[in-house]
Amino acid sequence: MKLLHYWRAMWGIIWRELWRFVTQRERFISALVRPLVWLFVFAAGFRAALGLAITPPYETYILYEVYITPGLIGMIQLFNGMQSSLSMVYDREMGSMRILMVCPLPRWFLLLSKLLAGTGVSVLQAYVFLAIAWFYDIQAPWQGYLWILPALLLSGLMLGALGLLLSSFIKQLENFAGVMNFVIFPMFFMSTALYPLWKIKESSALLYNLAQYNPFSQAVELIRFALYGQFNQHAFIYTLVAFIVFMAAAIIGYNPSKGMMVRKGGA
Amino acid sequence: MNSSIALSVEDLSFSYGGKKALTQVNFKIQPGECTVLLGPNGAGKSTLFSLITRLYDTRDGSIELCGFDIKRQTLLALAKLGVVFQQTTLDMDLSVMQNLRYHTSLHGMGRKQAEQRIQQELERLHMYDRRFEKVRQLNGGHRRRVEIARALLHKPSVLLLDEPTVGLDVPSRLSIVEYVHQLAVEENLAVLWASHLIDEIYPDDHLIVLDKGQVKANGTVDEVLKITSTPTIKDAFYTLTQGGQG
């Protein structure tokens, strides 16, 4: 019976998140517009400026649009993870988070369910983006569209857990602008989403190191390889470990006896 | 475990950093009893509620719900609890039904049982016909009714209400006050109602006056009047809180 309780609660949380996402049409569209602008405008303009050597998983010369696509999927998930954390701060300010926190289930389980719900939304967005990219002639082997699913789940969980961790520190909604400037943008630009590592190394050793150890880079590489039916073990382990660390820290952050909640005077 | 005690708070103290919010708070609430927690703004009522609902950690003292310690037996204790928070906690973009179903899923209720309980609670509050409306379309009084219905869906033994009538018009306020008093008797429910509005107290209520984090009086309305040698609750409250707002 206990297991059934957990299942029903998790499904309830996921359903609520998906329903909200599907019914909030503006959110759905704006989540897609951002990466599409990058793909249609930025990548098209940048194509001529950046020469790309053949590097795995690619077996031939590729257009810049092809290179940037996994990075943009990562971007969708990064923004979605932060959006989930924004909604957690909003829920906490508005009080609806309290309803979740006073239900008779362990807090780690509730946070994990929230995270799965957010990841489900980001996977949905990623597939819609891939479908549009397909019509734009960015086409991967069909197996890639299956292999990418577990990769998207893991990368979505990792970025969502980071968002969750941040939300345990953010006191007010207004502070969220800081997250944009100090987390989302540095993570995105100091990664392999826009340029390959060897290209970054040519310009700066420091940037190269930062990009290499940036968990977002690893998530993007995991997605990139999976889209071409290949498994990048290093990226997988790195992303998995980052997920475990972020999740553990978020659980501590939301624990009433150890976390930030008491100091912040809100839940 | 004493089954006749629904909520027991013992030697409870709490501070935000160095600032004391509650000092040595003690009281007990029995089933079928409506207890009004009266205190001016900033008395510590919301802090006390956050501790009872385990949003904050209990460091000094203990809280038991139906004999379950909130710190050591958290899940068993929380299962006995229904809460209506001061701020509305409904999802405005979902319908009444969707909000309530979400709550039943968090409490592990199956579809059939959930539908049955939702119907029962909404009908009691004359809200069943409006179950498919979005919460955003409801007025403040009706939203409060939905929140009360939600808090009762899983049949709790203790119902906490944190200033649930704030911002409501007089008829809505009166109907909610009456409904909750009726619930305590009919459902044998232990009710803890935080308020700073004196007209929400009924003569048979149990009264706890909290001020600056301390319990200033704890007893029936008559007992509190006797202790303070005052003719009305308003005077008693004024005496106990030395002119605090109310």
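Reading the values: the criteria
Residues numbered from 1 in each chain as written. Chains lettered and ligands numbered in written order. Predicted model: local features only at pLDDT ≥ 70, side-chain atom pairs only at ≥ 80, totals over all residues. Pairing = 2+ DSSP bridges. Helix = DSSP H or I, 4+ residues; strand = E, 2+ residues; numbered from the N terminus. UniProt positions renumbered as here; feature names shortened; annotations may be inferred. Axes fitted to C-alpha atoms, helices over the stretch in contact; angles between N-to-C directions. Parallel < 35°, antiparallel > 145°, perpendicular 65-115°, else oblique. Left-handed = near helix turned anticlockwise from the far one by under 90°. Contact = placed C-beta atoms within 7 Å. Nonpolar A, V, L, I, M, F, W, Y, C, P; charged D, E, K, R; others polar. Domains from an automatic or database assignment.

A. Up close: the sheet that holds strand S5 (residues 68-69) of chain B. Ordered by their spatial adjacency, four strands build an open sheet running S2-S1-S4-S5 (chain B), and the pairing between neighbours is antiparallel. Pairing within the sheet leaves two strands with one partner each, and these edge strands are strand S2 (19-29) and S5 of chain B.

B. Summary view of the UniProt feature "transmembrane region" (unreviewed entry) in chain A. Residues and elements named next belong to chain A. When the UniProt feature table is mapped onto this chain numbering, "transmembrane region" (unreviewed entry) sits at residues 36-55, 67-90, 111-136, 142-166, 178-198 and 235-254. From the first C-alpha to the last, residues 111-136 spans 37 Å; its make-up is 96% helix and 0% strand. In the segment residues 178-198, helix accounts for 67% and strand for 0%; the C-alpha atoms at its two ends are 30 Å apart.

C. Inspection of the packing of helix H7 (residues 221-228) of chain B against helix H8 (residues 233-240) of chain B at higher detail. Residue and element names in this part refer to chain B. H8 packs onto H7 with a crossing angle of 55 degrees between their chain directions and a minimal axis gap of 9 Å. Our classification of the angle between H7 and H8 gives oblique. Of the two elements, H7 crosses H8, and the hand of that crossing is left-handed. Only Ile233, Ala236, Thr239 and Leu240 of H8 make contact with H7, whose side of the interface consists of Val221, Val224, Leu225 and Thr228. Taken together, the residues of the contact of H7 with H8 break down into six nonpolar, two polar and no charged.

D. Broad picture of the environment of phenylalanine 85 of chain B. Mapped onto the elements of the fold, phenylalanine 85 of chain B is located in the loop between strand S6 (81-84) and helix H3 (96-106). Linking phenylalanine 85 of chain B and leucine 161 of chain B, residues 76 residues apart in sequence, is a C-alpha distance of 6.2 Å.

E. Main features of the pairing of strand S10 (residues 214-220) of chain B. All names here are of chain B. Note: strand S9 (residues 206-211) against S10, six bridges, orientation antiparallel. Of the residues in S10, the one forming a bridge with valine 209 is alanine 217. In textbook terms, the turn of a hairpin is the stretch between consecutive antiparallel strands, and for S9 and S10 this stretch comprises two residues, one of which, lysine 212, has a positive phi near 50 degrees.

F. Main features of the domain arrangement of chain B. When the domains of chain B are assigned, the result is domain 1 (1-80 + 160-246) and domain 2 (93-155). The C-alpha-based centres of domain 1 of chain B and domain 2 of chain B are spaced at 25 Å.

G. Representation of the pairing of S2 of chain B within the structure. Residues and elements named next belong to chain B. When strand S1 (residues 7-16) meets S2, the two strands line up antiparallel, connected through seven bridges. Residue leucine 12 lies in a different strand from S2, and its bridge partner there is valine 25. Connecting S1 to the next strand, S2, in antiparallel fashion are two residues, including glycine 17 with a positive phi near 60 degrees.

H. Representation of the interface of chain A and chain B within the structure. At the interface, 26 residues of chain A touch 24 residues of chain B. It is helix H1 (residues 2-23) of chain A that contributes the most residues to the side of chain A that touches chain B, nine residues altogether. Looking at side-chain class alone, the side of chain A that touches chain B contains 15 nonpolar, seven polar and four charged residues.

I. Expanded view of the UniProt feature "domain: ABC transporter" (unreviewed entry) in chain B. Annotation from UniProt places "domain: ABC transporter" (unreviewed entry) at residues 7-237 of chain B. Helix makes up 35% of residues 7-237 of chain B and strand 27%, with an end-to-end C-alpha separation of 24 Å.

J. Representation of unusual backbone geometry. Residue and element names in this part refer to chain B. With a phi angle near 45 degrees, glutamine 24 is a residue other than glycine that sits in the positive phi range. Tracing the chain through its elements places glutamine 24 in strand S2. Look at histidine 126: it is not a glycine, yet its phi comes out positive at around 55 degrees. Tracing the chain through its elements places histidine 126 in the loop between helix H4 (111-124) and helix H5 (140-152).

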